[in-house]
Amino acid sequence: MILAILFIYILCGAAIGAAYYYLQLKEDRYNKDSFAAVCTGLFWPVVAPFTFAFFLAEKMSKRK
């Protein structure tokens, strides 16, 4: 049971980290800094909402 929960935790973290890294690369193709995406994937229950909120705020501020 613990292994199943651990697998789901890792799978969700990898998906969230990959999504954030994809958004970073889509914004700037030459930005190869993956540290923020890895940290977001590792600590996703706490960090992911803030990471995507900051990304959205930065994107909205550039729009105007």
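Everything below is about the structure printed above this text.
Engineer: Please set out the packing of aromatic side chains residue by residue, giving values where relevant.
Structural biologist: All told, the structure shown has three aromatic pairs when counted by the stated rule. Consider the rings of Y9 and W44, whose centres lie 5.6 Å apart with planes at 35°: the pair is tilted. Of the two residues, Y9 sits in helix 1 (residues 2–27) while W44 sits in helix 3 (residues 44–63), which places them 35 residues apart along the sequence. A centroid spacing of 6.2 Å and a plane angle of 80° characterise the contact between Y20 and F55, whose relative ring orientation is edge-to-face. Here Y20, found in helix 1, pairs with F55, found in helix 3; they are 35 residues apart in sequence, far enough to count as distant. F55 shares its class with Y20; the two are buried.

Engineer: An account of helix 1 is requested, with residue identities and associated values reported.
Structural biologist: Taking 1.5 Å of rise per residue, 26 residues should cover 38 Å, and helix 1 covers 38 Å from first to last C-alpha, within 8% of that figure. Within helix 1, burial applies to G13, G17, Y20 and Q24. Contacts made by the buried residues of helix 1 are with helix 2 (35–42) and helix 3.

Engineer: Tell me what's going on with the packing of helix 1 against helix 3, and back it up with residues and numbers.
Structural biologist: In the contact formed by helix 1 and helix 3, the axes pass within 11 Å of each other and the chain directions differ by 15°. When the axes of helix 1 and helix 3 are compared, the pair comes out roughly parallel. Our pair here, helix 1 against helix 3, has a crossing hand that is left-handed. Residues Y9, C12, G13, I16, A19, Y20, L23 and E27 of helix 1 lie in contact with helix 3, whose contacting residues are W44, P45, A48, T51, F52, F55, K59 and K62.

Engineer: Can you break down the environment of G17 residue by residue, with the values?
Structural biologist: Within the element layout of this structure, G17 appears in helix 1. For G17 and W44, which are 27 residues apart along the polypeptide, the C-alpha to C-alpha distance reads 8.1 Å.

Engineer: Could you give an account of helix 2, with specific residues and numbers?
Structural biologist: Among all positions in helix 2, only A37, T40 and G41 are buried. The buried residues of helix 2 occupy an angular sector of 100° when the element is viewed end-on, so they sit on one face. Summarising the contacts, the buried residues of helix 2 are in contact with helix 1 and helix 3.

Criteria and thresholds
Residues numbered from 1 in each chain as written. Predicted model: local features only at pLDDT ≥ 70, side-chain atom pairs only at ≥ 80, totals over all residues. Heavy atoms only, no water. Phe/Tyr/Trp six-rings, centres within 6.5 Å; stacked < 30°, edge-to-face > 60°. Helix = DSSP H or I, 4+ residues; strand = E, 2+ residues; numbered from the N terminus. Buried < 20%, exposed > 50% of the residue type's maximum accessible area, 1.4 Å probe, protein only. Expected span 1.5 Å × (residues − 1). Contact = heavy atoms within 4.5 Å. Axes fitted to C-alpha atoms, helices over the stretch in contact; angles between N-to-C directions. Parallel < 35°, antiparallel > 145°, perpendicular 65-115°, else oblique. Left-handed = near helix turned anticlockwise from the far one by under 90°. Arc of directions from axis to C-beta.

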